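Descriptive analysis of the structure
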Amino acid sequence: TAEILCETLGVGPWRQDARLASAGHAPDLDALLKSYPQSESLLMIGHQPDIGMMVEQVLGFELGFGTATIAAFESRIPAGWRFLWTHRPEDLMKK
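Nothing here was measured: the structure is a model prediction, and the numbers come from that model. (Residues numbered from 1 in each chain as written. Predicted model: local features only at pLDDT ≥ 70, side-chain atom pairs only at ≥ 80, totals over all residues. Heavy atoms only, no water.)

1. Details of the overall build of the protein
Within the protein one finds four helices and two strands. In the protein, the succession of α and β elements from N to C terminus is α-α-α-β-β-α. Its C-alpha atoms give the protein a radius of gyration of 13 Å, near enough to 12 Å, the size a compact globule of 95 residues would have. Based on the C-alpha atoms only, the size of the protein along its principal axes is roughly 35 × 30 × 25 Å. In the protein, which comprises 95 residues, the proportion classed as buried is 20%. Long-range contacts, defined as pairs at least 24 residues apart, comprise 34% of the intrachain contacts of the protein with a sequence gap of at least 6. If you sum the accessible surface of the protein, you get close to 7100 Å²; carbon and sulfur atoms cover 55% of it. (Helix = DSSP H or I, 4+ residues; strand = E, 2+ residues; numbered from the N terminus. Rg over C-alpha atoms; globule rule 2.2 N^0.38 Å. Buried < 20%, exposed > 50% of the residue type's maximum accessible area, 1.4 Å probe, protein only. Contact = heavy atoms within 4.5 Å. Areas by Shrake-Rupley, 256 points an atom, 1.4 Å probe, with all protein chains shown as cover.)

2. Focus: the layout of surface pockets
Taken as a whole, the largest pocket encloses approximately 1200 Å³ of empty space. Forming the boundary of the largest pocket are 41 residues, of which Leu-42, Leu-43, Met-44, Ala-71 and Phe-73 lie nearest the centre. Elements supplying a minimum of two residues to the lining of the largest pocket: helix H1 (2-9), helix H2 (29-34), helix H3 (50-59), strand E1 (70-76) and strand E2 (80-87). Top contributing element to the lining of the largest pocket by residue count: E1, with seven residues. (1 Å grid on protein atoms, 1.4 Å probe; cavity = no way out; pocket = protein on both sides within 12 Å on 5 of 7 lines; lining within 4 Å. Points joined across faces, edges and corners; volume = space filled by probe spheres on them.)

3. Details of the environment of Gly-66
Summarising the element assignment, Gly-66 is placed in the loop between H3 and E1. By relative accessible area, which is 28% here, Gly-66 ends up partly exposed.

4. A few points about the pattern of salt bridges
Counted by the stated rule, this structure contains two salt bridges. Arg-19 serves as the salt-bridge partner of Asp-17, at 2.7 Å between the closest nitrogen and oxygen. The exposure class of Arg-19 is partly exposed, given its relative accessible area of 34%. The salt bridge partner of Arg-88 is Glu-90, with a shortest N-O separation of 3.1 Å. With a relative accessible area of 40%, Arg-88 lands in the partly exposed category. (Salt bridge = Lys/Arg side-chain N within 4 Å of Asp/Glu carboxyl O.)

5. Considerations on unusual backbone geometry
In most cases, non-glycine residues show a negative phi, while peptide bonds are predominantly trans. One non-glycine residue, Ala-68, lies in the positive phi region at around 65°. Structurally, the position occupied by Ala-68 is in the loop between H3 and E1.

6. What to know about H3
Where H3 is concerned, the buried positions are Asp-50, Ile-51, Gly-52, Met-54 and Val-55. Each element contacted by the buried residues of H3 is listed here: H2 and E1. Downstream of H3 by one or two residues, Gly-60 has phi in the positive range, about 85°.

7. Quick notes on the nonpolar core
Burial of nonpolar side chains together is a common tendency in soluble globular proteins. If you look at the biggest cluster of nonpolar residues, it comprises 10 residues: Leu-20, Ala-26, Leu-29, Leu-32, Leu-33, Tyr-36, Ile-51, Met-54, Val-55 and Phe-65. Excluding its chain neighbours within four sequence positions, the residues that come into contact with Leu-33 are Leu-42, Met-44 and Trp-81. (Core = buried A, V, L, I, M, F, W, Y, C linked by side-chain atoms within 4.5 Å.)

8. What about the environment of Glu-40?
Mapped onto the elements of the fold, Glu-40 is located in the loop between H2 and H3. With relative accessibility at 83%, the residue Glu-40 sits in the exposed group.

Listed below in structure tokens is the structure:
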């Protein structure tokens, strides 16, 4: 999934991180992000329910993150994260 999306968007390089593999719980987002200190931006791709739980960590509440949904956040160091937007597949098909 990540490789296809990165090729489609023309972004890279990409690498696989085992912490984003489906495990039935969200990875520690702060620890995950600290693993990429040189990155200006990150595209994290995962599977449910883990990725939805990770989004919940950022927002502090459940978003109802469905299959193939994407969400964007901006890092506001040291204040944390700011939610930017979310799109469901059906939203993107309308455009």
